[in-house]
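Notes for the structure review
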Amino acid sequence: MDFDLPDEHRMIRDEVRRFCEEEIEPIAQEIEDEHRYPAEVFDQLGQLDMMGVPISEEYGGLGGDQLMYALVCEELGRVSGSVGLSYAAHVSLASKPIELFGTEDQKERWLRPLAEGEYVGGWALTEPGSGSDASDMDTTAEKVERAGGHAGDEWVLNGTKQFITNASEAGSVLVKAVTEPGAGYGGISTFVVDPRNDDGFEVTTVWDKMGLNASPTCEVQLDDVRIPEDRLLGEAGEGWDQTKKTLNGGRISIAALSVGLAQGAYEHAREYAKEREQFGQPISKFDAIRNKITAMERKTERARLLTHKSAWQYDQGRDVTTSSSLAKWDASEAAREVAEDAVQVLGGYGYTEDFAPQRFYRDAKLMEIGEGTSEIQQLVIGRELGL
Ligand SMILES: Cc1cc2nc3c(=O)[nH]c(=O)nc-3n(C[C@H](O)[C@H](O)[C@H](O)COP(=O)(O)OP(=O)(O)OC[C@H]3O[C@@H](n4cnc5c(N)ncnc54)[C@H](O)[C@@H]3O)c2cc1C
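Presented here is an overview of the structure given in this document.

What counts, and where the lines are drawn
For every chain, the first residue of the written sequence is number 1, and numbering continues from 1 along that sequence. pLDDT decides what is reported in this predicted model: residues at 70 or higher carry local features, side-chain atom pairs at 80 or more are listed and counted, and totals for whole chains, interfaces and linings draw on all residues regardless. Numbering of helices and strands runs from the N terminus; a helix is a DSSP stretch of H or I covering at least four residues, while a strand is a stretch of E covering at least two. Under the convention used throughout, the expected extent of a helix is 1.5 Å for every residue step, that is, one less than its residue count. To sort residues by burial, count the other C-beta atoms lying within 10 Å of each one's C-beta; a count of 20 or more means buried, 12 or fewer means exposed, and anything in between means partly exposed. C-beta atoms are built from the backbone. By this definition, two strands are paired if DSSP reports at least two bridges between them. For each residue, a C-beta atom is positioned from the backbone; the residue is called near a molecule or strand if that atom sits within 6 Å of it. Where each domain starts and ends comes from a domain assignment, either automatic or drawn from a database. Note that contacts rest on C-beta atoms placed from the backbone: two residues are in contact if these are within 7 Å.

**Concerning helix H8 (residues 287-315)**
If you check H8, its first and last C-alpha atoms are 42 Å apart, about what 29 residues at 1.5 Å a residue would give, namely 42 Å. Glycine 317, located one to two residues past H8, shows a positive phi value of around 80°.

**Things to note about unusual backbone geometry**
One non-glycine residue, aspartate 224, lies in the positive phi region at around 50°. Along the chain, the position of aspartate 224 falls in strand S7 (residues 217-228). Even without being glycine, phenylalanine 279 reaches a positive phi, approximately 50°. Mapped onto the elements of the fold, phenylalanine 279 is located in the loop between strand S9 (277-278) and strand S10 (281-282). For phenylalanine 279, a count of 7 C-beta atoms within 10 Å translates into the label exposed.

**What about the pairing of S7?**
Here nine bridges tie strand S3 (residues 153-165) to S7, and the two strands are oriented antiparallel to one another. In the strand pairing of S7, glycine 159 is matched with leucine 222. For strand S6 (residues 201-206) and S7, the ladder comprises five bridges, and the chain directions are antiparallel. Bridge assignment links valine 203 to a residue of S7, and that residue is valine 220.

**Side note on the site of the ligand**
Around the ligand, a shell composed of 22 residues is seen, among which Leu125, Gly131, Ser132, Thr373 and Glu375 lie nearest. At the level of secondary structure, the elements contributing two or more residues to the shell around the ligand comprise strand S1 (120-124), S3 and helix H12 (374-384). Counting only domains with at least three residues in the shell around the ligand, you end up with domain 2 (122-239) and domain 3 (241-384).

**As for the environment of alanine 214**
Counting through the fold element by element, alanine 214 comes out in the loop between S6 and S7. Judged by the 26 C-beta atoms lying within 10 Å of it, alanine 214 falls in the buried class. Distance in space between the C-alpha atoms of alanine 214 and glutamate 34 is 7.7 Å, their sequence separation being 180 residues. Sequence-distant contacts of alanine 214, that is, excluding residues within four places in its chain, are made with Ile31, Glu32, His35, Arg36, Tyr37, Pro38, Ser82 and Val83.

Have a look at this one:
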């Protein structure tokens, strides 16, 4: 489907694809088995200028658009869901909001190192008691006078955040907290927390999961974390509005990552079916197998089109609430279905860890849950349709 891609986009995609095949694919199962976050891969992605693809060059990014960023997510997903998820969280959730809502000083101090790949970032919205209904959070941020007779105020954060991607590796985490209790959506604010230097920030659990184990998913405790006034992102009370805007872009990246997972699983199944012989012929010659593979092509291509359309709309400055939810819902379902069928096409070998489809299958399931479950995407689409 290259006909619609500008040359620059195709160049970046090909460069990332080469890197993925040479550096990530060979270790993809190993890092999953070892539950190891591959820091070296993110360093290399930084050297390739890929850690801030849709971030302006002024702040150390590549200055690309959302479509270019989606292509990079897709390529990472084609070889490793874990690398793709940590990458997407770093860019869409941890970096982009600083560019969109931060002051000049915040962009210099917090966005530049993220975009240049000095370290990865995280984004903490979910809590043990609030997931889909994310605004019903318990974490608080209270403004107090700075201790020790220093001028100015500071914020004190308290609470627990759940399932935070990259928190154990991050150089900054954007934390959502209630600054005005009882004010609902308008009482939530966003803070930049420095996990390595702010006292009271602790990763209490790194979860073992059914897949994506090379991407750390953390429970985080915030215990009287005192941070200076200038760590507030935007104005107090803007946190929920920022969240909605952030997730609109984020869902495009999860859709793109899902397209990559589907593409990877599909390619494995297609090649295997051409090689594997039963009853004296390649199994691809059996209608049942051929139909599975043609359906994989249909679902992957459909999901890709929806994803690219939403990315394109984003780049035009249009509202992508509906299109990003549609793309994420469709692509995540496609990834799970395609990966499941890929396991089936490989038969017994598909069930072993020597072959990749089982990993795509396990990784794909998360795409229907993270950044809003499929049920929540349908809720959003229904609301946008006035239903
Ligand atoms: C690997 C991983 C990485 C993650 N990374 C991050 C991260 O970096 N930052 C972050 O903040 N969060 C992160 N999350 C959290 C993720 O966004 C939430 O898990 C997700 O939004 C669902 O919330 P929940 O788990 O509390 O499920 P719940 O909200 O409890 O939902 C349980 C079930 O009820 C359904 N449901 C809930 N409400 C409705 C409704 N109104 N209508 C119909 N059905 C409904 C859901 O669809 C789901 O099927 C991550 C999660 C995982 C597993």
